[in-house]
Every structure is written in structure tokens, then in C-alpha cells.
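Geometric and topological summary
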Amino acid sequence: MLRFIARNLNNVYKFSELQKFGASFLGSGNAEYLENLFDQWYLDNKSVPATWDSYFRQVLESNNFDFAPEPQKGQAVSVRLDGQSGVRKLLSDHFRVLLLINKYRHRGHEKSQVDPLDLEHISQIGKVKGYTKLDYREYFAEEDLDREFYIHAIGSTGITKDKQMMKLRDLINYLEKAYCGKISYEYMHIQSNEERDWFRDQIEKYDEFMPSKEQKLKTFERLGQEHAFSTFLQKKFNTSKRFGIEGCDSMISGLQSLIDAAANAGAEHVVFGMAHRGRLNTLYNVFQKSAEEIMVEFQDLKSTFNEDIWGNSGDVKYHLGSVHNVFFGDKKLRLEMLPNPSHLETVDPCVYGKVRAIQDYFQDSKREKAFGVLIHGDAAVSGQGIVYESLQMADLEGYKSGGIIHVVSNNQIGFTTVPKDSRSGLYCTDIAHAISAPVIHVNADEPELVDKVFKIATEYRYKFKRDIFIDLVGYRRYGHNEQDQPKFTQPIMYEKIDKAPPVFIKYSDKLIAQGIVTKEQVDNLMKTHEDNLELAYQKSRKMDYNLKDWQPVPWEMIKVPVLWGRIKDTGVPLNVLKTLGEKINKIPNEFNAHPQIRKFYEERLSWIQKDQPIDFATAEALAFGTLLHEGFNVRLSGEDVQRATFSHRHAVLHDQKDPNGQDYVPLHNVIPKGQEHRLSIYNSHLSEYGVLGFDYGYSITNPNTLVLWEGQFGDFANGAQIIIDNYIASAESKWDVDSGLVMLLPNGMDGQGPEHSSGRVERFLQLSDDDPAVFEKNLGVRLTRQMRNSNMQIVQCTTPANYFHALRRQLRRDFRKPLIAMTSKRLLRLQAAKSNLNELTTQFNQVYDEALPEFLVQSNQIKRVILCSGQIYYDLLKKREDLKQNNIAILRIEQLAPFPYEFLQKIIGKYNNAEFVWVQEEHMNYGPWAYVRPRIQSVLAKTTNISNSPIQYIGRRPSGSPATGFHQLHEKEIQTLLQKAFEI
């Protein structure tokens, strides 16, 4: 009701007690409205809305005003005692009390004491709090402090529900403790009344929070273990970087409290993502990672490095992940920490994706078996755009996971940058308001309150399935790393930090004072931990334990294909292709499909039935359909993927007439009823970085799902370069984390300007770890493990059949590798770029030999061999036909990485009198040229009886821009390079 009143009252008054609110709230017009409303009710209670009638009655009844409860229509409400003036005074007091209470609920956090260093009033450090002055004198006089006021509010929660009357002084003290203490809350911005009411109950019943002796001892022991660990590492490895948690130590006991609450809620999986600050502390204390293993990493004693072992690069200790099972009776809770590079918040979308993949795997539509915890830094959470891109997934159908718990380990500094220079808002957590997520700020020096907050956050996540933020306000005891000198830049802050005792010491003293523990118990606890750590250190130097006990748990079993031949076979029998092809290309007559889309599907169906060549979209649908038929899952996501940017896919059809009609998905026809969840095709929000990270996280979870991310245009992937560099290209080598993620990147120089042309294949090729020396050293020996011993695959398929095989190959083998597929826009509708159905019964071709040898001279009479990749092939083919030139052969390299040395060598040996040239449509400093040049040269050098002269380049000259914005210039450039390609 207060919110309703607030919308109708504003600034100055005319008369009566109701006009005493103060100029900040009540306006003359609105005051008159309220006066008139009361007068109407006084004359006829039926003449006002039922809510106002209920309100006026409830106030009068609760304050013992005597009035006729049911006056007849036309009769005034009979009010005695002080008459109307007494009622007006009561209403005025009540409104003012509610305004004061509401102000504490909205802005009490600005007066809180959550900073253990009390830096909030120092303008050199950050934003000074107190935008709103919380002062009872805005509504009351000093003589009102000991008066009793009616505070009850109909339909409210918290103190205004539980209390009827209260002295103003007692009320203010109560509100100060609830909203301005060492925990503060931002929750009134939440749109849901139910959520606000729930939060209000948690806050305003604070006196019910009384941790038991057992809970205090548990917190004491957890903090003791953490303090001993940090102290030991600082003494033993004082010249090493460890990015310790000291200053926010209570986060460790808070996380353990969260895990306790999660187990009680029925969780089975908790996925963590965090940057380097406090990571080792979390792995040791929460994940129970072996102290020996951590100390081995400090000493770099893990193993003898063997450069000949592929994928053995490793990473620094504070980037590594871990998996640990916690048992609560007969219940198991699996904790997983994802590895993370130094790009701080990069792991965020990966956690969202992994959690969603676990939920999908277990068909957990209620989002209760798994959830994620993201631990942010204060500077990063407010400064990194990926945080916002990830938060936007919170309630999107294809990406939501039922709520992430965000923990901000708030050091009040980012490297050397203080809050006033690192954010514009009051709090580092202001971004939470974008999705109406609540924020709880808590003083990191109060471990009991920290444990409470983590428990509340877990309960909120499970009750409402929404994100929530915890702002754990502490400090960083040392510099950015332990060798840094922070006093260069923050002398005032670090003068305070030097005087601040560690959290464990403060808490121990508190418990000693309470008689819960003794000084002797504190000393014994520390000695026990220190002795165990020293023993672990000595053991780590001897290496007499099993490292494998602490390596990440491998994937669940990869599904071994059993249909249609050996594991690596990607071909599908023709009769199966036709049967499935008919199923996925029929639209029911009763479905109101768009006429053009119905025609689109009828044409595809006709191709299947009449054995006519099919296009790329049909081949893709058959790849998805056959994998689904085999029992695999398929997930396709990205911007506009349901229809596809170039309107060629139309995988999800929309009813054209019924606004409430269900979408129709033709691919569901190959999935048994009730298993439709095995196919997911989702349009994403307008994000590359976030969504690619999400799909990467999804892909590392279930190897039996073909996970694809499609860029709207190929070059848009540059917005996700951090995910590509730090995860897709290097995660297996650094962290032994496998992924079969497919990136579909529309690519091709089609005259559409700089941003809609090149998919920048050169960047991916630069990331490839393909090594020409391996081929040169092993000449004559088949490179049997070439694909397995590569970090990723990069293809440019020029036929629908090869695209079909490339997609199926992702799951038709017993290992997983990322696939980067440069997909041509122009070939989607090019008649020449079609495949016969029987080509889908074979296998992937890494290199295509000359396609039309019958129209050329004998191979030993060929004068030039053109090597190319991608859609330029069809331009070259047409140009040769126009010129009627029969002594130039054209070869296509379909797989660029790992490079197909053997396949190319096998083909080119017959062209013993030809020169070799590379033709590409991109500029010289773009495209595959820089990558293929040394590799082709290696093949030429190792192939007998052919010319070993340097391979020539034909293409556009170097340019700072990927493509021209002028169509005429584009045409001129392409004709020039085509002409040169056939000049011998």
C-alpha cells in the first residue's frame, strides 16, 4: 500500500495533520487527493476502493477508535474519541512511520558498516556513501522519540507485519541493526513482491539468528585451517606468487557454509568459477586438494618435461581446476572448479554453460541438481563487459540455469586502482540491478555473519531460481602479488591494513572471550595444521604419492557409435538417408507455415525422393538428423540460428496464424517421443564473447552432444577472441580439458565490405599447433595420430557432402577436438555447389583432386596446378571453363589444419611437369597463405619427380582492411587475380 501512496503524494500542503509529511514527499495536489479520499470514506466507506476501505478500518480498529463498522449507504462512518482530527493525526503518524521504515529498506545500506577498514568516507579511495541522509528528523521531532506509533501494514512482511505498536526510538534502533550494521541489503529494486517479502523476513527477523556453539566451532576450525595454510605458504614460499586471500579469509568458511546449505537443498553438482585471487586457498580448504600437490606445483617438481609429448604445456598453479566429492551421509555432492586464465571474468559464461549442460544431461528442468558459483574481484565485476553478457543469460530459455550465486571478493582495489577510478557507481555490484538480482553486502571481518549470508544466498537461489550477489567487503593484505609493494600507491589504505589483525586471530579472541574455546585450543589447532603442512612439504619433495589422485576427473564415457561401420566412418547408407530425409523435410498440412518456407521444404523433400543433388542446408539437416537417430544429442546456438542469418536453415518454424500456436521443429521427427530435449536450437542474445563461452562450457560437459556456435558473420568472432585464445585453442594443452565444440563462421569475399567478408581464418591457423617438422621427420610413415595430436581442426568445405561428413566426424570417433568451419555464404545457393546423396555414404575428403580430369590433358602434361581452399574454387572453375584452358588442374584443400600432408603428397605426385601456385581471394596478409606456404613447400620438397621451385602466390595484395567497401573495386580485384591464375 505504501508504494501506492508514494505514487500519489509529493511536495507541499494546505491543511490538516496529513500535510505534515515534509516537502520531500507530499505534493499539494496529492495531499488534497488523500484528504478527499478520507472524507469520501468517512461519508461512505463503499465509495472508495476496497483496499483503502480495508486500510482505514484496520488502522482505526488497531488503535481502538470506535466507529460504526457497517454504516448504510449515505451514512457517515461514526468516529468518536478525537473525531476526524484524531483519525487524521493517526493516519499522518502512520504514513510518516511507514515512510521512515521504507527509507531504511531502500537506502539503509548506505549507512552500513560493512567496510572493516572504514575507508568509505575517504574520497581519495572511493565513492563516499550517504547519497540519502537517513535521519528521523525528516519526519519527526525529537520529542517524538519516546512516543508509541502504530507501525503495522496490511499485507506486509517483516517488522510491519509482526508488530502493531512501537516506540519511535526502539523502531529506529531496530532498523539501524537490521539495515545499517555489518550486513546490508539491496533488495527493494526486485520486481517480484514475493521475493521482496521473503528477503524482508530474512532481514527484519535478524534477532532469530543465533549461531550455536557447534556452528561457531565449525567456523573456528575452518578459519584456522585457512589461516595456517596461508601463513605456511607465505613463510615457505615467500618469493612465489600465490595471490592469497588474506583480508577476505572468511570467504572460505562462507563457501563451506554454502556447500552445507546446498547439500541440504538437494544439490548434486556445484560448479565454481574464479580468477587467481584466493584460488589456491579455495582448492585446499574447500576442495580439499592435497597440500602435497599444491607444494609440488610451487616447487615445479611435478615431472620431467618431455617436449616430444603432445599437449604437455601445463599452466601456473593458480589457474588450475579441480574436482572433489563431498559426502553428507549417503549423499554425494560433486564440486568442480573450472580452470581459468588470467583474463579474470572469462570463466563466467563457461560456468553458466557447464551448469546448464549438467541440468540438460540429467533432464533437471527444475534446475535443482546443479548450480554455479562465480567468485569475482571487485574491480573485475564492475569493469569487465563479459559479466554483463553472462548475466543476460539468467532468464533466457536456451541459457538459463536457475540462478548463479555471485561472490565478490571485494579487496577495495584493483591491482593499484582504487574504486573511485575503477567504477562510476556506488558499489562494484551495481550491475546486479540490470537483472533485478538482490545484493547482500557483508563485512569480511565478521565470519559468523559471512556464513549466514552465504546460507541465505543459497536458500534464495533454491527458492526463486535466480541470481544473487554477495559483496564480501574486506581488503588485500599484500600487494597484487606477494612481492608487490602496495604502499607506493595506497599508503593510507595499507597503513590501516598493517594494523588490522587477521580474521582468524580476531575471531579466536572473540570465542575465547565467550568461553567457547581456550588459548590452548587455539594454539593446538594451529600446531596441528602447521605440522601437517610441514609433513606435506617434506613428502612433496620426495614425490612418494600418486599425482593421478588429484588430476581432473575425466569425461563420462564417450558413446561409441554402433551404426554404419567403424568408429571413424561418417557415411550413412543411402536408404537411411532417404528415410530420415523424408521425415525431416515434411511439414504437416494443419501447421500454418509461411508459404515460402513450405515451398522451401517441399523442394528439399523432392531432392531426397528423386535422388537430385542437395544443398548445404539439406546436408546439415541430414547430419543433425542422422546423429540424433544414432542416439547423440545436438545443440546449435548463436545469433538468429533458428532461421540463420542467410535464411537457409529454417530449423524452427513459427505458426503464421495462431499467436498461441506452438513452433514446429522438423528434426523432432527422427527423435522418439519424449526425447525432444535431445535437440536444442536457440537464438542467443546479441553476444559473441558470452555465448561462445557458454557453449564452450556446455561442450566440455557432455561429449555425446554435438555443440555448435554460429557467428552471424564470421568476423564477428573477433568479439570472442579471448574465449578462442584461452579455451578453444589451448585448454587441452594447458589443462587437459577436451572439447568437441564446432564454430560455424560465414566467410567469403562477396563484396559486402570489410566487416561482412573475411572470417579471418588466418587467426585460427596461427593458433593451430600443426608442425611441418613432424611430416618431414616421419616421411613414409603414416601420421596415424595427427588428428588426435592436434589442438583443433580448421576446414573450408566446398561441398555439402564434405560439410556433412565434417559435422558427423565430430562424434563418430573416440576423442573430441574443436572444429572451426569456415562456411561460405555464396555457396549456400550456388547450383554448382551441390552434392549427390551417394556422396554422403562415403567419408570426409581432406583434399579434392581435380574434379574434371576428363576435360584436361594427361596429368604429366599439366603445366600448372592451382591449390586453393574455399569458395574461390568455383570462380576458378568457371574462369577455366570460359577460357577453355585444359592444361591447368585445380586442387582443393578442404582441411587446412591439421594440414593434410600425406593426402596432398599422394595426389600431386602425378603432376610431374607442373608448376604449383596458391590462389586465394583474401589479401596476402589475410587468408591461409602464410600458413599453407611452408607446409605445401614441405610436401613439394618431399615428393619425388616434381618441381621443387617455390610455390607462387596469386591473390589480392596486402591491406589493412579485410575487404573493400566498393563493389566495383571488389569485382575488379577478383577478375584480376582470376586472370593471373590462368596466365602461364
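Quick caveat: nothing in here was measured; it's all calculated off a predicted structure.

Attention now moves to the overall build of the protein. When helices and strands are counted, the protein shows 32 helices and 22 strands. Once local pairs closer than 6 in sequence are excluded, the contacts in the protein between residues at least 24 apart make up 78%. In the form shown here, the protein has an accessible surface area of approximately 40700 Å², with 48% of it arising from carbon and sulfur atoms.

This part takes up helix α17 (residues 491-499). All buried positions along α17 are accounted for by M493, Y494 and I497. Seen from one end, α17 has its buried residues packed into an arc of 85°, which puts them on one side.

The biggest cluster of nonpolar side chains holds 84 residues, and the ones touching the most others in it are M743, F764, L904 and I936. No other element matches helix α12 (residues 347-361), which puts 7 residues into this core. Once you skip the residues sitting within four places of it in the chain, L904 turns out to touch V847, L867, L891, I893, F899, I936 and V939. Residues I172, C180, A444 and L449 belong to the second largest nonpolar core, which totals 73 residues.

Between helix α21 (residues 595-609) and helix α22 (residues 616-630), the shortest axis-to-axis distance is 11 Å and the interhelical angle comes to 75°. As far as their axial angle goes, α22 and α21 are roughly perpendicular. Counting all contacts with α21, which are made through R604, W607 and I608, the residues of α22 involved are A617, T618, A621 and L622. Along the lines of polarity and charge, the residues of the contact of α21 with α22 split into 5 nonpolar, 1 polar and 1 charged.

Strand order across the open sheet formed by 5 strands is β17-β19-β18-β21-β22, with mixed pairing between neighbours. A strand with exactly one partner marks an edge of an open sheet, and here the two such strands are β17 (847-848) and β22 (952-956). Along the sheet, helix α29 (residues 872-883) makes contact with β18 (864-868), β19 (888-893) and β21 (915-923), crossing β19 at roughly 170°.

Right, let's get into the pattern of salt bridges. Scanning the entire structure with this criterion turns up 47 salt bridges. Taking the shortest distance from any N to any O, the salt bridge between D201 and K205 comes out at 3.8 Å. A relative accessible area of 22% means that D201 is categorised as partly exposed. One salt bridge connects E459 with K455, and the closest N-O pair in it is separated by 2.5 Å. You can see E459 and its partner K455 sitting in helix α16 (residues 447-464), 4 residues apart, about one turn around the helix. A relative accessible area of 30% places E459 in the partly exposed class.

Position of D451 relative to the elements: it lies in helix α16. A distance of 2.6 Å separates the side chain of D451 from the side chain of T219, its partner in a polar contact. Polar side-chain contacts of D451 include one of 3.1 Å to the side chain of S253.

Under the criterion given, the structure shown has 30 aromatic pairs. Ring centres of Y399 and Y682 lie 6.5 Å apart, and the angle between their planes is 55°; on these two criteria the pair is classed as tilted. Taken together, the positions of Y399 in the loop between α14 (385-391) and β8 (404-410) and Y682 in strand β12 (residues 679-683) put the pair 283 residues apart, joining distant regions of the chain. Taking relative accessible area as the criterion, Y399 reaches 1% and is therefore assigned buried. In this structure an aromatic cluster arises from ring pairing among Y179, Y185, Y187, W198, F199, Y460 and F464. R461 extends its terminal NZ or CZ atom over the ring of Y462, reaching a point 4.8 Å from the ring centre. Lying over the aromatic face of Y601, R604 brings its terminal NZ or CZ to 4.8 Å of the ring centre.

Attention now goes to unusual backbone geometry. A cis geometry characterises the amide bond from A897 onward to P898, with omega recorded as -10°. The residue P898 is located in the loop between β20 (895-897) and α30 (901-908) in this model. Backbone geometry places D611, a non-glycine residue, at a positive phi of 55°. Within the secondary structure, D611 sits in the loop between α21 and α22. D611 gets classed as partly exposed once you look at its relative accessible area, which sits at 40%. We note that R760 has phi near 55°; this positive angle belongs to a residue other than glycine. With respect to the helices and strands, R760 occurs in the loop between β14 (742-747) and α26 (761-767).

This paragraph deals with the confidence of the model for the protein. For the protein, the mean per-residue pLDDT works out to 87, and 87% of the residues sit at or above 70. Every residue in residues 1-29 is under pLDDT 50, and counting partners more than four places away or in other chains gives 74 contacts. Of the regions scoring below 50 in pLDDT, residues 73-83 engages in 28 contacts with residues more than four places distant in sequence or in other chains.

Here we take up empty space enclosed by the protein. Under the defined criterion, the tally for this structure stands at 12 cavities of 30 Å³ or more. Put simply, the second largest cavity is a space of about 140 Å³. Lining the second largest cavity are 16 residues, with H648, E710, T823, S824 and L828 positioned closest to its centre. If one sorts the elements of the lining of the second largest cavity by residue count, α22 sits on top with 3 residues. In terms of residue class, the lining of the second largest cavity is built from 8 nonpolar, 4 polar and 4 charged.

Attention now moves to the sheet that holds β14. Within a beta sheet, neighbouring strands are joined by backbone hydrogen bonds and run either parallel or antiparallel to one another. Taken together, the 7 strands give an open sheet; going across it, the order is β12-β11-β13-β14-β16-β15-β20, and neighbouring strands pair in mixed fashion. For this open sheet the edge positions go to β12 and β20, each flanked by a neighbour on one side alone. When strand polarity is set aside, the average angle formed by the axes of neighbouring strands in this sheet is 20°. Inspection of the sheet shows strand β11 (residues 633-638) paired to β12 by 5 bridges, in the parallel sense. Note on β12: the bridge partner recorded for S637 is Y682. Lying on the sheet, helix α23 (residues 689-699) is in contact with β11, β13 (705-710) and β14; it crosses β13 at an angle near 170°.

Look at helix α7 (residues 193-204): 16 Å from first C-alpha to last across 12 residues, which is about the 16 Å you get at 1.5 Å a residue. Listed as buried for α7 are E195, R196, W198, F199, R200, I203 and E204. Measuring from the backbone nitrogen of E194 back to the side-chain oxygen at the start of α7 gives 3.3 Å, which picks out S192 as the cap.

Relative to the elements of secondary structure, H441 occurs in strand β9 (residues 439-443). Within the structure, the side chain of H441 is placed 2.7 Å from the side chain of D471, a separation counted as a polar contact. Non-local contacts of H441, meaning those with residues more than four positions away in its chain, are made with V114, K182, I183, S184, E186, Y427, T429 and D471.

Buried residues dominate β14, accounting for 6 of its 6 residues. Because side chains alternate across β14, one face comprises the buried residues V742, L744 and P746, and the other comprises M743, L745 and N747, equally buried. Pairing analysis gives 3 bridges linking β13 to β14, with the strands arranged parallel. Bridge assignment links L708 to a residue of β14, and that residue is V742. Alignment of β14 against strand β16 (residues 819-824), held across 6 bridges, turns out to be parallel. By the bridge assignment for β16, P746 is matched with T823.

This part is about the environment of L745. You can see L745 is positioned in strand β14. Taking the C-alpha atoms as reference, L745 lies 9.2 Å from V761; in sequence the two are 16 residues apart. What L745 contacts, discounting residues up to four positions off in sequence, is W709, G711, G714, A717, G759, F764, I820, A821, M822 and T823.

Axis angle and axis distance: for two packed helices, these are the angle between their axes and the distance between the axes, and together they describe the pair. Closest axis-to-axis distance for the α23/helix α24 (residues 721-728) pair is 8 Å, and the angle between their directions is 25°. Viewed along their axes, α23 and α24 adopt a mutual orientation that is roughly parallel. On the side of α23, the interface is formed by Y689, L692, G693 and Y696, while α24 contributes I722, I723, I724, Y727 and I728. Tallied by class, residues from the contact of α23 with α24 come to 8 nonpolar, 1 polar and no charged.

Rules used in this analysis
- Every chain is numbered independently, its residues counted from 1 as its sequence is written.
- The predicted nature of this model means local features are confined to residues of pLDDT at least 70 and side-chain atom pairs, given and counted, to a pLDDT of 80 or more, with totals for whole chains, interfaces and linings taken over all residues.
- Working from all heavy atoms in the structure, the side-chain values ignore hydrogens and water.
- Only DSSP runs of H or I reaching four residues or more are called helices, and only runs of E reaching two or more are called strands; each is numbered from the N terminus.
- The criterion used for residue contact is that any of the two residues' heavy atoms lie within 4.5 Å.
- The Shrake-Rupley method, run with a 1.4 Å probe, gives the accessible areas here. Residue values count only the displayed protein chains as cover.
- Burial classes: relative accessible area under 20% of the type maximum marks a residue as buried, over 50% as exposed, and values in between as partly exposed (1.4 Å probe, protein chains only).
- The directions from the helix axis to the C-beta atoms form the arc being described.
- Residues belong to a common nonpolar core when they are buried Ala, Val, Leu, Ile, Met, Phe, Trp, Tyr or Cys residues joined through side-chain atoms within 4.5 Å.
- Here an angle of 0 to 180 degrees is reported between the N-to-C directions of two axes, which are lines fitted to C-alpha atoms, with helices fitted over the stretch in contact.
- Here roughly perpendicular refers to angles of 65 to 115 degrees, roughly parallel to angles under 35, roughly antiparallel to angles over 145, and oblique to all remaining angles.
- Lys, Arg, Asp and Glu make up the charged group, whereas Ala, Val, Leu, Ile, Met, Phe, Trp, Tyr, Cys and Pro make up the nonpolar group; the residues left over, Gly among them, are polar.
- Strands are labelled as partners when DSSP assigns at least two bridges between them.
- Each reported salt bridge corresponds to a side-chain nitrogen of Lys or Arg within 4 Å of a carboxyl oxygen of Asp or Glu.
- Polar contacts, as used here, are pairs of N or O atoms within 3.5 Å; protein pairs need one atom able to donate a hydrogen and one able to accept it. Residues neighboring in sequence count only if both atoms are side-chain atoms.
- For this analysis, a ring pair means two rings from Phe, Tyr or Trp (six-membered ring only for Trp) whose centres lie within 6.5 Å, classed as stacked if their planes differ by under 30 degrees, edge-to-face if by over 60, and tilted for the remaining angles.
- Whether a charge sits over a ring depends on NZ of Lys or CZ of Arg being within 6 Å of the ring centre and within 35 degrees of the ring normal.
- Every residue carries a pLDDT, the predictor's confidence in it, which falls somewhere between 0 and 100.
- For cavity detection a 1 Å grid was placed over the protein atoms alone, and a set of points counts as a cavity when a 1.4 Å probe fits there but cannot get out; an open set counts as a pocket when protein lies on both sides within 12 Å along at least five of seven lines, with lining residues being those that have an atom within 4 Å of a point.
- Grid points are joined across faces, edges and corners, and a volume is the space filled by probe spheres set on the points.
- Expected span of a helix, by definition, is 1.5 Å for each gap between consecutive residues, and there is one gap fewer than residues.

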